[in-house]
Amino acid sequence: MPEQALPVIWYVLWVVLWVVYFVLDSKTLGLGTLFPFLARNEREEAALQEAVGPFWDGDEVWLITAGGATFAAFPLTYAVMFSALYVPFFLLLFALFYRAVGLEFMSKVKDPGWHNAWRWAFTVASFLVILLLGVAFANLFYGLDFDASGNKTTLFTLLNPYGILGGLTFVTLALLSGTIWGAFKVSGELEKRLEGYAHTLWVVALALFSIYMVATANRASHLLANYNQVPVLYVIPALALLLLLLVKPLLSRGAQLGAWLATSGTIALLLVTGFVGLFPNMLYSRTAPEASITAYQAAASPLTQTVMLGVALALVPVVIGYQFWAYKKFSERKIDVEEAKGYGA
Amino acid sequence: MWDPLTASRILTALTLSFHILFATIGVGVPLYIALAEWRAMRIGDRDLSRSAYRWGKGYAVTVALGVVTGTSIGLFLNLLWPPFMALAGQTIALPLFLETFAFFLEAIFLGLYLYTWREDGPPLRNTLYAAVIALGASASAFFITSVNAFMNTPAGARITAEGTLDVHPVQAMFSPATATKTVHVLLSAYFASAFVLAALSAYELRRDPRDTRAAKALRLAMQGALLFGVGTVLSGDFSGKFLAAYQPEKLAAAEWHFTTQGAAPLRLFGLWEDGTVRYALTIPYGLSVLAKGTPSAVVTGLDAFPPEDRPPLVVHYFFDLMVVFGFLLLALAAYYWWRVWRTRSVGQAEEVATGRLPAWFFPALVVAAPLSLMTVELGWYFAEMGRLPWIVRGIARVGETATENPAVSWLVYVFLALYVLLTAIAVRVLAAIYGSEGPETAFRRLFGGLRGGESRGS
């Protein structure tokens, strides 16, 4: 294997791990954000819980694996990313905690105060997780603020207009993904209501997606270098847009799974668009581009990357296989609102 | 306010102390879920399958908390100990990466198990799902403990002033301490979890002595307690012999063995006053036998190490208490089986539980649950503080590897509050799952009427 191949393979794998996480968790985070507004009674709440309940923890492991892979294969990236993004990461840790506990525990104790508190914890935390991740990744593409002497990124430099726009785009796509997934999973009146939300959200998502793309071309032009060098790559953002446009007709025809897959494709390709533009950088420094960290610089030793690659190639397909199987198993029939198990004690 | 080093140490110790509670239950309980489902399948007993599902619901709660505290540790490694990560990051990355895959197994199959479980469902399916959860849980314990093993007996890399060179991740994962440490951690988690589950059954039997489902569950837990209790003791003995060979300063600190000598006595407890040990129970030749297997063997003492390289003497108490509590728990399990054996003509599990055990045994089992977790904590305190002053033995000291960021200090309070909240939530939720009596009623039910001698309803 040529010497430079390993870091490139790992870069691809790294992107795949993040993309799978975003795609899978977006639906739970989206449903979570809208949770109190979607369900009108406890039965409907239970149905919505059951729509994501069997999956969310398995989905969240992709986030841990993506973090683990960063640490294992690109230790330098991990170290710099952590010092630049440590406030968002701490907030993310807390948000993930309240999301998990809120979803799992809100129905465990029969007490209205308890239920209400954890329901809102679930909602706010779900929103924060996707917003923080969206802002963090938009900033990753946009460029952070660090130079050879160290990190200068703060929470305030992260909250620039481009970062916020990216964050809101990911939030909206997650809401779309969540409502469509919910409609796909449940039946009856709740299903219709979810579809209605999805139609409205689609308009917002399309608008934000378009503005985000225009902003990327104008405000983050360093991302365009790879595209201008290999113009065929422009297919990726184009396909992202095309899939998003397809969501509405698919939804109108009742192809809920198709609409969810199209939404997921948009989320995936939006991230891939950013990563393709970023390559070979992993962390781009906006203020001192020469200090940017590339995949080649950040790579762990070839032996380490080879061993890790063996592990990843052996185990990632197994995990995907089992997860696909689990998803299929739980999608054999729709959740009946009257019979939903939810998360009761 | 503390300096960054002290704050980092407090925060790490705090997080690990909480994490180990949930992790121990998280590693041990799924094994019993799988065993119960397996036996339910073999003998066609739905009671055991019902118990397994009941345990599964509580297990899901501890998993959620184990994930939160575990993720905190992952974050803290980088945030609080950056020089340590720069030094050892590459060598411990493999097991940390593998652990995420073990965790996938656990998470995916826990969802499958809990959501597809039905009383009349196919027993093979329940058993297989539970077995995969147990496999994933034990595998993650193995991987994480191998990181701790590396810190005790580093291998698979050349760590020099210029950095970490020639990293061989697989060798680092299987460092000399990996075998003894992982086996002891796994067995003790199974041992301690048996008492957590036994406490639940004991409480249920105290509430309703005719609860045959609880009686069968208790029997299974006591089987595990005896088997894994013996295993924990044996692996503990191996660990002691391992320390004598590879980390003699740790063993010497644990046993208050100050001077290198043959025919070394074993000291239990005692007080350290003005340079001498007082009030200790001394067993001649004891330490030589325990550490080397022969009464005359020479055991390295603390005098073989410069004072700045010696672990703190307080680990002696952690070690001794761990051993005493461990044997107490094993004695409880042995007592159960002795009563079963003595009344074997009666045979049936449910009758043993209701009538053949004295009334004190049930509250004793309930007390044994926190005791078993405390024993695990003591073991970890010994393991971690016994490695001091090193963070990676012989290579890097704890004091050299902490962050210099002064903001760490207030994080201690933030996370202490978080962990206390977590524990309170866990208690409330578990109480709701396993019977929502108030604490007072529960207390009275457990400890009331003990002077009567026999359990009610027999």
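Residues numbered from 1 in each chain as written. Chains lettered and ligands numbered in written order. Predicted model: local features only at pLDDT ≥ 70, side-chain atom pairs only at ≥ 80, totals over all residues. Heavy atoms only, no water.

Per an unreviewed UniProt entry, chain B goes by the name Cytochrome bd-I ubiquinol oxidase subunit 1 apoprotein and belongs to Brockia lithotrophica. UniProt annotates chain B under Sequence similarities (unreviewed entry) with the comment "Belongs to the cytochrome ubiquinol oxidase subunit 1 family." Turning to chain B, the UniProt annotation filed under Subcellular location (unreviewed entry) states: "Cell membrane". (UniProt positions renumbered as here; feature names shortened; annotations may be inferred.)

The name that an unreviewed UniProt entry assigns to chain A is Cytochrome bd-I ubiquinol oxidase subunit 2 apoprotein, with the source organism given as Brockia lithotrophica. As stated in UniProt under Subcellular location (unreviewed entry), the record for chain A gives "Cell membrane". The UniProt entry for chain A carries this comment under Sequence similarities (unreviewed entry): "Belongs to the cytochrome ubiquinol oxidase subunit 2 family."

1. A word on the overall build of chain A
A count of helices and strands for chain A gives 14 helices and four strands. Taking the principal axes of the C-alpha coordinates as reference, chain A spans close to 60 × 40 × 35 Å. Residues counted as buried form 62% of the 345 residues belonging to chain A. Taking as baseline every contact in chain A between residues at least 6 positions apart, the subset at least 24 positions apart corresponds to 81%. In the form shown here, chain A has an accessible surface area of approximately 12,900 Å², with 69% of it arising from carbon and sulfur atoms. (Helix = DSSP H or I, 4+ residues; strand = E, 2+ residues; numbered from the N terminus. Buried < 20%, exposed > 50% of the residue type's maximum accessible area, 1.4 Å probe, protein only. Contact = heavy atoms within 4.5 Å. Areas by Shrake-Rupley, 256 points an atom, 1.4 Å probe, with all protein chains shown as cover.)

2. As for the interface of chain A and chain B
Across the boundary between the two partners, chain A contributes 55 residues, which contact 55 residues of chain B. Counting across the chain A and chain B interface gives zero salt bridges. At the junction of chain A with chain B, the criterion picks out one residue pair in polar contact (both at pLDDT 80 or more). At the level of secondary structure, the elements contributing two or more residues to the side of chain A that touches chain B comprise helix H2 (42–52), helix H3 (56–73), helix H4 (75–84), helix H5 (86–105), helix H6 (112–142) and helix H14 (302–329) of chain A. Looking at which element gives the most residues to the side of chain A that touches chain B, the answer is H14(A), with 14 residues. (Salt bridge = Lys/Arg side-chain N within 4 Å of Asp/Glu carboxyl O. Polar contact = N/O pair within 3.5 Å; in protein donor to acceptor, adjacent residues only side chain to side chain.)

3. Brief notes about a nonpolar patch on the surface
A surface patch of nonpolar side chains, about 490 Å² in accessible area, is lined by Val230(A), Val232(A), Val235(A), Leu239(A), Leu242(A) and Leu246(A). Of the residues examined, Leu246(A) reaches a relative accessible area of 38% and is grouped as partly exposed. (Patch = residues over 30% accessible without salt bridge, like charges linked within 9 Å, V, L, I, M, F, W, Y side chains within 5 Å.)

4. A closer look at the pattern of salt bridges
All names here are of chain B. One pass over the full model with this rule turns up 17 salt bridges over all chains. The residue Glu204 makes a salt bridge to Arg54 at a minimum N-O spacing of 2.4 Å. Residue Glu204 is located in helix H6 (residues 178–207), and its partner Arg54 is located in helix H2 (residues 46–80); the two are separated by 150 residues in the primary sequence. Overall, Glu204 belongs to the buried group, its relative accessible area being 3%. A salt bridge links Asp309 to Arg397; its shortest N-O distance comes to 2.7 Å. In this pair, Asp309 is assigned in the loop between helix H9 (286–292) and helix H10 (315–342) and Arg397 in strand S8 (residues 396–397), connecting sequence segments 88 residues apart.

5. What about the confidence of the model for chain B?
Segments scoring low in pLDDT should not have their predicted coordinates read at a detailed level. Per-residue confidence for chain B averages 85 on the pLDDT scale, and 94% of its residues sit at or above 70. Model confidence for the complex: the whole-complex pTM is 0.87, and ipTM, which rates the interface, is 0.81. (pLDDT = per-residue confidence, 0-100.)

6. A look at the domain arrangement of chain B
All names here are of chain B. Partitioning chain B into domains gives domain 1 (4–260 + 300–443) and domain 2 (261–295). Using C-alpha coordinates to define each centre, domain 1 is positioned 29 Å away from domain 2. At the junction of the two partners, domain 1 supplies 16 residues and domain 2 supplies 16 residues. A buried area of about 1,400 Å², summed over both sides, lies between domain 1 and domain 2, and 61% of it is on carbon and sulfur atoms. For the side of domain 1 that touches domain 2, the secondary structure elements donating two or more residues are helix H7 (212–246), helix H8 (248–255) and H10. With five residues, H10 is the largest single contributor of residues to the side of domain 1 that touches domain 2. The class makeup of the residues in the side of domain 1 that touches domain 2 is eight nonpolar, four polar and four charged. (Domains from an automatic or database assignment. Buried area = accessible area lost by both parts, 1.4 Å probe. Nonpolar A, V, L, I, M, F, W, Y, C, P; charged D, E, K, R; others polar.)

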